[in-house]
Amino acid sequence: MNRPKRPRLFALLAFTCAVMGPMVLVGCVDGLAGRLPIPSSVGPKAEATGIGGLVVDETGKPLAGAQVVIRPALTTVAPLTTVAPLTAVAPLTTVAPYQIRRVQAESGNVETDGSGRFTLPTLVAGTYRFEAIVNAGRKGVTTAVTIPEQGGQSLEIPEIRVRPTGTLIGKVTAPDQPLVTDLTGVSVYLPGFQYSAFTDAQGNFRIDGIPEGTFDVVAEKDGLGLAVAANVLVQSRMATTLTRFELGQDTPVITRVSQATIGLGGTLEIEGKHFGATTGKPLSVFVGGQILPTSSVARLDDGRLRIVIPQTVTDGRIEVMVGTSRSNPVSVRLLARLLWPDDLDVVAVRTGTRITLPIQGFDVAGNLVTDLPVTWSVDTPVATRSADGRVEGLTPGAGTLHVTQGGLSASLPLVVIEATDRIIERIAGGGLTWSEAGPATQLSVSYPEGIVTTSAGDVLVAEGGASVIRQLTGKLLTTLTLSFPRIPATTLSKPVGLGLLMDGDLVVSDYDQHVLYRINPRTNEADLLAGAPGEAGLLDGKGATARFHYPADLAVGPDGRIAVADEYNHVIRVVERDGAVRTLAGTGEPGFVDGPGPDAAFNRPYDVAWGPDSTLYVADQYNHAVRKISPDGRVTTLVGTPETGGAPEVAAGGLSWPAGLLVDPDGDLWVSDYETGNVHVLDPMARTFRTVKTWTVLRDGTQAFLAQRKLSGPNQLAMDAGGVLYVTEYSSGHVTRLR
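Just so it is clear, the model here is predicted, and its values are computed rather than measured. (Residues numbered from 1 in each chain as written. Predicted model: local features only at pLDDT ≥ 70, side-chain atom pairs only at ≥ 80, totals over all residues. Heavy atoms only, no water.)

### Thoughts on the overall build of the protein chain
Regarding its fold elements, the protein chain presents 1 helix and 67 strands. The 739 residues of the protein chain split such that 52% are buried. In the protein chain, 56% of the contacts between residues at least 6 apart in sequence involve partners at least 24 apart. For the protein chain, the exposed area adds up to about 31,900 Å²; of that, 51% sits on carbon and sulfur atoms. (Helix = DSSP H or I, 4+ residues; strand = E, 2+ residues; numbered from the N terminus. Buried < 20%, exposed > 50% of the residue type's maximum accessible area, 1.4 Å probe, protein only. Contact = heavy atoms within 4.5 Å. Areas by Shrake-Rupley, 256 points an atom, 1.4 Å probe, with all protein chains shown as cover.)

Next comes the structure, spelled out in structure tokens:
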């Protein structure tokens, strides 16, 4: 709100009032009403006709002869300092003498008739408050009333109820000017009304004769600044005290911005104080030294601005200038470009699942920025943006996924697949060269076998073709450097099976050396757990007295026992917690026989997996079957036969060469089929069997799309705490995540 300079006559009147006593009474306000401007809301517009209303007393009885005064409703006032606490402290028994100045509006003021009614023949469309005055101590006022452009229609304004007036008292302070001790002459007034006063030397003021209602209160003095209290309630017969009313200099101050990082072209909100909405002083905003056009700046109120960051700036330093006063600078990081994760050409999500993609970007200085706050949107009903900001698949189909940050945006194709399907994602292997360490997908992996996930989120892989154990941490693939201090002249030959013990140690089956090793991951020292290096056989016993013949994969049970698929002995072995090795099932000769453990027969079993009830499942590879060993030692066949290479429940292609097994937390059994490239899920209780549909991303020029693909020699399986499945693809040399 721009208020004009006070005329000299007004200054003289103010001085005259000030010398009348330490507290200026509102009887001196007759000359003050004209200094408030009429806001633009009551500028030339269409006229409304037939405006009327009713004035009543406290009991609801109509009042005749009441003067109705039209006040412009000034709605642009906003607090610049702390809003003062308000308390009604004392009833009023007397009312100071008060001279009423009748301010004539464009259509004039009116008196109520014998029935308490008044009529205004015409009034310019705008927003007003209507004040009814009986005498200095009895008044009433409406809240803001909007007079529309009615074109001849009539309008009834709210009833005006006249009550005894109230008083506003308070104290003005100037905390920004600690050297100022004399606060005489601070102007305190109610914008839009004639009620005002000047303070005494201590900053005290009193305004009497105010009708009951809610008002904005302004205090100001040149050199000391401005204070505004919004929505101050004055009550009938009461004195309302404004206990804290602080003048403040109008130097703009920035306290915070809505985003510390924002893309070029984005919208940013600035919070602070003294942004000039009340004073109406000119506003300028600078970003990187560049002044923003007025179309890019919105002054919301005295404490908030909204700006649009230009596309051309290269510096995030922001300053606000009000009049000739410049604010403190603040800086934001400006983004120039958004980046999708490496090698991501299409986004795939399963129905009922939610994903978050780690969006990165480059700032205007060319620095990489990670962990960006972004907004996701989807242009198709197959997916939606969930309440936690992730993308949630709803129904199978395709669309486009959009991400925005400030004025930047990026898009990728989106495909939603069935909840039971999986996306093939290569996380290691497939490179052209072998190295002990490097980017996982740029290195080659030779004949990956066993795989486990750790509580830290790492993935360990037995790389049989390179005689090493690999560790995948994020996107980095490294090699464990093992030592055998208590087994001279020993190295890994062909690691196949991996398992994690309850204490965190790693168990490895060395297929070609016919032994099991135990590795301390803190020192990478390996000790012999069972078997004798280089000596094949079938012999139960403890530690080095036991013998294996090409031990394949293994599984650590919930009780710490280790089950081993002893492939060329055609038996299933168990290593007890004390290190003793015993044969659980199998005769030592190939065959396909169910029954008690010692009578049952297997044909080159390759993997084992413990169930939640200590049931043990066996991938009986050359029998093309999945077998079950109950806790009592009895062997039964769940699915598959040597003759058919499958079972009626199995989809086309059958169960050909079961290689890897995994029991998930729900008790379902996952089976990798090396020959067909499929992964199956078997419910051991219901004996239902389904094949998981797997998809991969294919590229056609610049376009990417999702297509079905089987795995290349799927071998061993692992699952992390989040339910993500990991597979070693023996034929292709890939380590794969199925998500």
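Back to the write-up after that little detour.
### Quick notes on the sheet that holds strand E41 (residues 448-453)
Strand order in the open sheet formed by 5 strands is E40-E44-E43-E42-E41, and the pairing between neighbours is antiparallel. Among the strands making up the open sheet, the edge pair consists of strand E40 (438-439) and E41. Pairing between strand E42 (residues 459-463) and strand E43 (residues 468-473): 5 bridges, direction antiparallel. From the neighbouring strand, valine 459 faces E43, where its bridge partner is leucine 472. (Pairing = 2+ DSSP bridges.)

### So, the side chain of glutamate 131
Within the fold, glutamate 131 resides in strand E6 (residues 126-135). At 2.8 Å, the side chain of glutamate 131 forms a polar contact with the side chain of arginine 71. In this view, glutamate 131 contacts Gln67, Val68, Val69, Arg71, Lys139, Gly140, Val141, Phe193, Gln194, Tyr195 and Pro211; residues no more than four positions away in its chain are not counted. (Polar contact = N/O pair within 3.5 Å; in protein donor to acceptor, adjacent residues only side chain to side chain.)

### Details of the environment of arginine 737
Mapped onto the elements, arginine 737 comes out in strand E67 (residues 734-738). The spacing of arginine 737 and valine 724 is 13 residues in sequence and 7.1 Å in space, taken between C-alpha atoms. Beyond its immediate chain neighbours, meaning those up to four positions away, arginine 737 contacts Ile423, Ile424, Glu425, Ile427, Val724, Leu725 and Tyr726.

### Observations regarding the confidence of the model for the protein chain
Here the protein chain averages 83 in pLDDT, and 84% of its residues register 70 or above. Every residue in residues 1-48 is under pLDDT 50, and counting partners more than four places away or in other chains gives 99 contacts. Taken together, the stretch residues 75-107 has pLDDT below 50 and engages in 94 contacts with residues farther than four places along the chain or on a different chain. (pLDDT = per-residue confidence, 0-100.)

### A closer look at the pairing of strand E60 (residues 669-673)
Counting buried positions along E60 gives 5 out of 5 residues, so the element sits mostly inside the fold. Bridge analysis of strand E59 (residues 658-663) against E60 gives 5 bridges, and the strand direction is antiparallel. Its bridge partner being in E60, proline 658 is matched across the sheet by aspartate 673. Two successive antiparallel strands, E59 and E60, enclose a turn made up of 5 residues, where glycine 667 displays a positive phi of approximately 90°. Across 5 bridges, the pairing between E60 and strand E61 (residues 678-683) is antiparallel. Counted as the bridge partner of tryptophan 670 is valine 681 from E61.

### Comments concerning the pattern of salt bridges
On inspection of all chains with the given rule, the structure shows 30 salt bridges. As a salt-bridge pair, glutamate 159 and arginine 161 come within 3.1 Å of each other at their nearest N and O atoms. With a relative accessible area of 42%, glutamate 159 lands in the partly exposed category. Residue arginine 161 is classed as partly exposed on the basis of its relative accessible area, which comes to 27%. A salt bridge links arginine 518 to aspartate 505, with the shortest nitrogen-to-oxygen separation between them at 2.9 Å. With arginine 518 in strand E47 (residues 515-520) and aspartate 505 in the loop between strand E45 (495-500) and strand E46 (506-510), this residue pair connects regions lying 13 residues apart in the sequence. (Salt bridge = Lys/Arg side-chain N within 4 Å of Asp/Glu carboxyl O.)

### Structural notes on the nonpolar core
Ranked by internal contacts, the top residues of the largest apolar core, which has 25 residues, are Leu190 and Phe245. Mapped onto this core, the elements with two or more residues apiece are strand E12 (166-173), strand E15 (204-210), strand E16 (213-221), strand E17 (225-234) and strand E18 (238-246). Per element, the largest residue contribution to this core is 4 residues, and it comes from E17. If you look at the next biggest cluster of nonpolar residues, it comprises 23 residues, including Leu344, Val349, Leu414 and Val416. (Core = buried A, V, L, I, M, F, W, Y, C linked by side-chain atoms within 4.5 Å.)

### Things to note about the packing of aromatic side chains
A full pass over the atoms with the stated rule returns 11 aromatic pairs. Seen in terms of ring centroids, tryptophan 340 and tryptophan 376 are 6.2 Å apart; in terms of plane orientation they differ by 45°. Their pairing is tilted. You can see tryptophan 340 sitting in the loop between strand E29 (333-339) and strand E30 (347-350) and its partner tryptophan 376 sitting in strand E34 (residues 375-378), a full 36 residues away along the chain. Pair check on accessibility: tryptophan 340 and tryptophan 376 agree, each one buried. One aromatic cluster is present, built from ring pairs that chain together Phe193, Tyr195 and Phe215. Sitting over the face of the ring of phenylalanine 286, arginine 326 holds its NZ or CZ atom 4.4 Å from the ring centroid. When the ring centre of phenylalanine 548 is taken as origin, the NZ or CZ atom of arginine 573, which lies over that ring, is 4.9 Å away. (Phe/Tyr/Trp six-rings, centres within 6.5 Å; stacked < 30°, edge-to-face > 60°. Lys NZ or Arg CZ within 6 Å of the ring centre and 35° of its normal.)

### Remarks on unusual backbone geometry
If you check the backbone angles, tyrosine 447 has positive phi at about 50° while not being a glycine. Inspection of the secondary structure puts tyrosine 447 in the loop between E40 and E41.

### Comments concerning the environment of valine 593
Among the structural elements, valine 593 can be located in the loop between strand E53 (580-585) and strand E54 (595-596). For valine 593, a relative accessible area of 38% puts it in the partly exposed group. Sequence-distant contacts of valine 593, that is, excluding residues within four places in its chain, are made with Asp599, Ala600, Ala601 and Arg627.

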